[in-house]
There are 2 protein chains.
Amino acid sequence: MCDTCGCGATGRDHQHQVEHREIELEEKVLAKNDRLAERNRGMFEAMNVLAVNLVSSPGSGKTTLLERTITDLKSEMTIGVIEGDQQTDRDAKRIEATGVNVEQINTLDACHLDAHMIRHSLSKFSLAELDVLFIENVGNLICPGAFDLGEDFRVVVLSITEGEDKPLKYPGIFLDSQLVLLNKMDLAGFLEVDTDQCLSFVNRVNPTSQTLSVSAKTGEGMALWYDWLRQKVAKKNER
Amino acid sequence: MCDTCGCGATGRDHQHQVEHREIELEEKVLAKNDRLAERNRGMFEAMNVLAVNLVSSPGSGKTTLLERTITDLKSEMTIGVIEGDQQTDRDAKRIEATGVNVEQINTLDACHLDAHMIRHSLSKFSLAELDVLFIENVGNLICPGAFDLGEDFRVVVLSITEGEDKPLKYPGIFLDSQLVLLNKMDLAGFLEVDTDQCLSFVNRVNPTSQTLSVSAKTGEGMALWYDWLRQKVAKKNER
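Described below are features of the structure shown in this document. (Residues numbered from 1 in each chain as written. Chains lettered and ligands numbered in written order. Predicted model: local features only at pLDDT ≥ 70, side-chain atom pairs only at ≥ 80, totals over all residues. Heavy atoms only, no water.)

### Some words on a negative patch on the surface
Taken together, the side chains of Glu24, Glu26 and Glu27 of chain A together with Asp109 of chain B make up a negatively charged region of the molecular surface. Position of glutamate 26 of chain A among the secondary structure elements: in helix H1 (residues 11-46). Glutamate 26 of chain A sits in the partly exposed class, given a relative accessible area of 42%. (Patch = residues over 30% accessible without salt bridge, like charges linked within 9 Å, V, L, I, M, F, W, Y side chains within 5 Å. Areas by Shrake-Rupley, 256 points an atom, 1.4 Å probe, with all protein chains shown as cover. Salt bridge = Lys/Arg side-chain N within 4 Å of Asp/Glu carboxyl O. Lys, Arg positive; Asp, Glu negative; His and termini not counted. Charge placed at Lys NZ, Arg CZ, Asp CG, Glu CD. Helix = DSSP H or I, 4+ residues; strand = E, 2+ residues; numbered from the N terminus. Buried < 20%, exposed > 50% of the residue type's maximum accessible area, 1.4 Å probe, protein only.)

### Description of empty space enclosed by the protein
A full pass over the atoms with the stated rule returns 1 cavity of 30 Å³ or more. Considered as a void within the structure, the largest cavity measures approximately 40 Å³ in volume. Surrounding the largest cavity, Pro58, Gly59, Ser159, Thr161, Glu162 and Lys184 of chain A together with Ser57, Pro58, Gly59, Thr161 and Glu162 of chain B form its lining. (1 Å grid on protein atoms, 1.4 Å probe; cavity = no way out; pocket = protein on both sides within 12 Å on 5 of 7 lines; lining within 4 Å. Points joined across faces, edges and corners; volume = space filled by probe spheres on them.)

### Comments concerning the environment of histidine 116 of chain A
Inspection of the secondary structure assignment puts histidine 116 of chain A in helix H4 (residues 115-122). Taking the C-alpha atoms as reference points, histidine 116 of chain A and lysine 32 of chain A, separated by 84 residues in sequence, lie 9.2 Å from one another.

### Regarding the side chain of aspartate 114 of chain A
All names here are of chain A. Along the chain, the position of aspartate 114 falls in the loop between strand E3 (101-106) and H4. In this structure, aspartate 114 is buried with no salt-bridge partner, the nearest side chain bearing the opposite charge being lysine 32 at 8.3 Å. At 3.1 Å, the side chain of aspartate 114 forms a polar contact with the backbone nitrogen of histidine 116. (Polar contact = N/O pair within 3.5 Å; in protein donor to acceptor, adjacent residues only side chain to side chain.)

### A few points about the nonpolar core
The biggest cluster of nonpolar side chains holds 48 residues, and the ones touching the most others in it are Phe174 and Leu182 of chain A together with Phe174 and Leu182 of chain B. Contributions of two or more residues to this core are made by strand E5 (153-159), helix H6 (171-175), strand E6 (179-183) and helix H7 (195-205) of chain A together with strand E5 (153-159), helix H6 (171-175), strand E6 (179-183) and helix H7 (195-205) of chain B. If we ignore the near neighbours within four places in the chain, the residues touching leucine 182 of chain B are Leu158, Ile160, Thr195, Cys198, Leu199, Leu212, Ser213 and Val214 of chain B. (Core = buried A, V, L, I, M, F, W, Y, C linked by side-chain atoms within 4.5 Å. Contact = heavy atoms within 4.5 Å.)

### Remarks on the packing of helix H2 (residues 62-73) of chain A against helix H8 (residues 222-238) of chain A
Residues and elements named next belong to chain A. Look at H2 against H8: their axes get within 11 Å of each other, and the N-to-C directions meet at 70°. The pairing of H2 with H8 is recorded here as roughly perpendicular in orientation. The crossing of H2 and H8 is right-handed. For the pair formed by H2 and H8, the contact residues are Leu65, Arg68, Thr69, Asp72 and Leu73 on the first element and Met222, Trp225, Tyr226, Leu229 and Arg230 on the second. (Axes fitted to C-alpha atoms, helices over the stretch in contact; angles between N-to-C directions. Parallel < 35°, antiparallel > 145°, perpendicular 65-115°, else oblique. Left-handed = near helix turned anticlockwise from the far one by under 90°.)

Encoded structure:
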C-alpha cells in the first residue's frame, strides 16, 4: 500500500486510482472541446474550406513547409493560416511575408490549440473566399493529439532528425492522423537514421495513414504533397 | 460577446474566463505535485543523491547523451536512471545495456513525469549507493516544465536541428532550468542555424542559465558537461 495517498492500491493500479479524478475532469474538458470542434467542422463544411491541422514536435519544420507550400500554391488556391505558439509571433510574421492572411494564437501556459481558440480566430477570416485553412499547432507531439479542432485532416510533420522510433514512442498523435510528412529528407545523408524503418513504424501504429517523404528546404517530394492537397480541395468542393 | 459560452467577455479576456475553472483545477494538481516533489527532494538530500531532470523535445538526443555520459563516468560515480516515455521501453533497454540500474515509467496518456511517479520508482533503487540519479523526462518542451520532480537541477537538452528560436517560443521550460545542453553540434555544418543566437536567446529568457554546446554522438564538448556533473556531485557530498 502506498502511504502517499493511502488509497490501498499498489503499482500501476495505484497510479490509476490517483489519476482517476484528474482523468474525469479531463474527460469533461475534452467533451466540451469535441462539441465545439463539431461546430467548427460545420462551418468548414458550409463554406467549403479544407481545414488541415499540422502537428509535430518543436522544430520539425512546419513553418518552412507552410512557407514553401503557400508560395508554390497561392496562385491556384486561396490559403489562410492560423499560427499556434506558446509565445511570440515569429512564425506568423514569416507566414505573413508570403502574402496570405494569418492569425496568431499565443497559448501562453497551454500546450495545444483547442476548438474554442480556433472558433475565435475564424471570425478574422473571410471563410467564403478560402480554399484551404492551415492550422499550425503548438510544437508538441502529445497534447495536441487529444484536441479535435474540427479539421478535415490532421497531418503529422516528423523530422528525420528526431530518429526513427518516434511513432512507437508517441503513438497517440499518429493514431488519429491521416498523413505523415517525413521532413528534412535533405539531411538523410548526414544522419544515422533508417527512414524506411520510420515509415514502417508509422504504419505499424496506424495502418491507414498515408506517408510522404519531403524536404521543405530543397522542395524534394513536395509535388506529391501538393497533389494530395489539390485532390482534397477538389473533393471538398464536389458536394 | 461570445455566443459559445455566453460569458459576456471578449477576445483574450473571454479566453481567460473560459479557462478559469480549468486553471483552478490545474493549480490544485500542481500544488499536490509540489508537495510530493519536496518529499522526493528530502530523500535525495538525506541520501546525498544528485537528481538531474533531463527535459527536451522528442528526438533531441537525451538517451544518446545519457549512454555516452554513463559509459564515460560510471567508473567514477554510481549512476541510476529513471526513463520516462509515453510508450515502449526502447530507451530503458538502451540504458540497461550500459550496465546501470534503470527504471521505466510509461506515462501512457500523460505528457510528463510527475513527482508521484518518481516517488514510486525510487523504491526500486538503493539510494544509499547512488551518486547521481538521471531522470529522462517525456519528450515535450512544454508540460514537463510545470512539474517539479524534486530534482536538484533541471537540464534542457536542445538539438540545433530544432532551429535557434525555440527558447523564445517555449520560454517556460528554459525559465526554471539551470543548464542548457545545445546538442548535435556535429550537424552544425549541414544546417542553416545560428547557434550563437540560440544561446543568446536562452540567456534572454533566463540570464542565470548556464549553457554548453555538445555532441553526444562525437563527444565534442562533453568534457565540460562531465566537469559540471563532478562539481555538483562533490558539492552534494560536502554537507
